[in-house]
Amino acid sequence: MAGELAAGAAPRIDRRNRKVAIIAASGALAMLGLGYASVPLYRLFCQATGFNGTTQRATAQQAAGIKATTRPITIRFDANVAPGLPWIFKPEQVTQDGKVGERKIAFFIAKNLSDKPIVGRAVFNVTPEQTGAYFHKIQCFCFNEQRLEPGQEVRMPVIYYVDPAMLQDANARDVPEITLSYTFLLAADQSLVTGPGAKPVAGSGGAAPKSSSTLAKPLDHTASAR
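Here the structure is a predicted model, which means the values were calculated and not measured.

**Q** So what's going on with empty space enclosed by the protein? Which residues, and what values?
**A** Following the criterion strictly, the structure yields one cavity of 30 Å³ or more and no others. The wall of the largest cavity is formed by I73, I75, Q96, D97, G98, K99, E102, K104, Y160 and V162. Only β2 (72-81), β4 (95-99) and β9 (153-162) provide two or more residues apiece to the lining of the largest cavity. Ranked by residue count, the leading element in the lining of the largest cavity is β4, at four residues.

**Q** Hey, could you go over the sheet that holds strand β6 (residues 118-127) for me, with residue numbers and the actual values?
**A** Pairing is mixed across the open sheet formed by five strands, whose spatial order is β4-β2-β10-β6-β8. Two strands lie at the open edges of the sheet, namely β4 and β8 (146-148), each paired on one side alone. Taking the axes of each pair of neighbouring strands and ignoring which way they run, one obtains an average angle of 30° across the sheet. Sheet topology note: the β6/β8 ladder contains three bridges and is antiparallel. Paired with I118 across the two strands is L148, which belongs to β8.

**Q** Hey, could you go over the pairing of strand β10 (residues 177-186) for me, with residue numbers and the actual values?
**A** With eight bridges joining them, β2 and β10 adopt parallel strand pairing. Opposite T74, over in β10, you have E177 as the bridge partner. Here β6 runs beside β10; their pairing, made up of eight bridges, is antiparallel. Residue pairing for β10: V123 is matched across the bridge by T183.

What counts as what
Residues numbered from 1 in each chain as written. Predicted model: local features only at pLDDT ≥ 70, side-chain atom pairs only at ≥ 80, totals over all residues. Heavy atoms only, no water. 1 Å grid on protein atoms, 1.4 Å probe; cavity = no way out; pocket = protein on both sides within 12 Å on 5 of 7 lines; lining within 4 Å. Points joined across faces, edges and corners; volume = space filled by probe spheres on them. Helix = DSSP H or I, 4+ residues; strand = E, 2+ residues; numbered from the N terminus. Pairing = 2+ DSSP bridges. Axes fitted to C-alpha atoms, helices over the stretch in contact; angles between N-to-C directions.

Below is the structure:
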């Protein structure tokens, strides 16, 4: 009798174990899918809120509706190059004084030290982090990947303003200086170099990309940064 009970219980235990295993596997797959989905969701959240120092993008039309205030603000520029990218990258000027709401332009210089064309990608943020929601870029080299030919040196602008709404934020209104920091990395996709649709940066000797956001151009040592 005991043997018959044990024999009958074994299939039920196996079925329960399989059910638990299926539930666990489904849960793991769901968590994995959620992890992948959370990356773009997190990016959208940062872009919408300025979280973690993420800056905002503005159209020229939006910028035209912003009025400059009398409140002074200093922007400090920081430039870095990630390991594996043989470039020089630096701001043309370390700081720039202006007014909150005033549209400004600043330039960064990049040079490819290698003997082959390389595509780089710039990542960025601002500090203090709470100012990210108010730092708006109208045009920026960071909007697109940038291709530099061997030994090419380019001058790349960023056009920006600080939203006067910052002056209504108790956590940000007293900030006297904002640091805009960029790090250039080797782009994961180097197809701009070797692919059939390769697009050199504007002024590199080939046809310029149609996108108005790719703003790199050969270095002009006489041009003003303003």
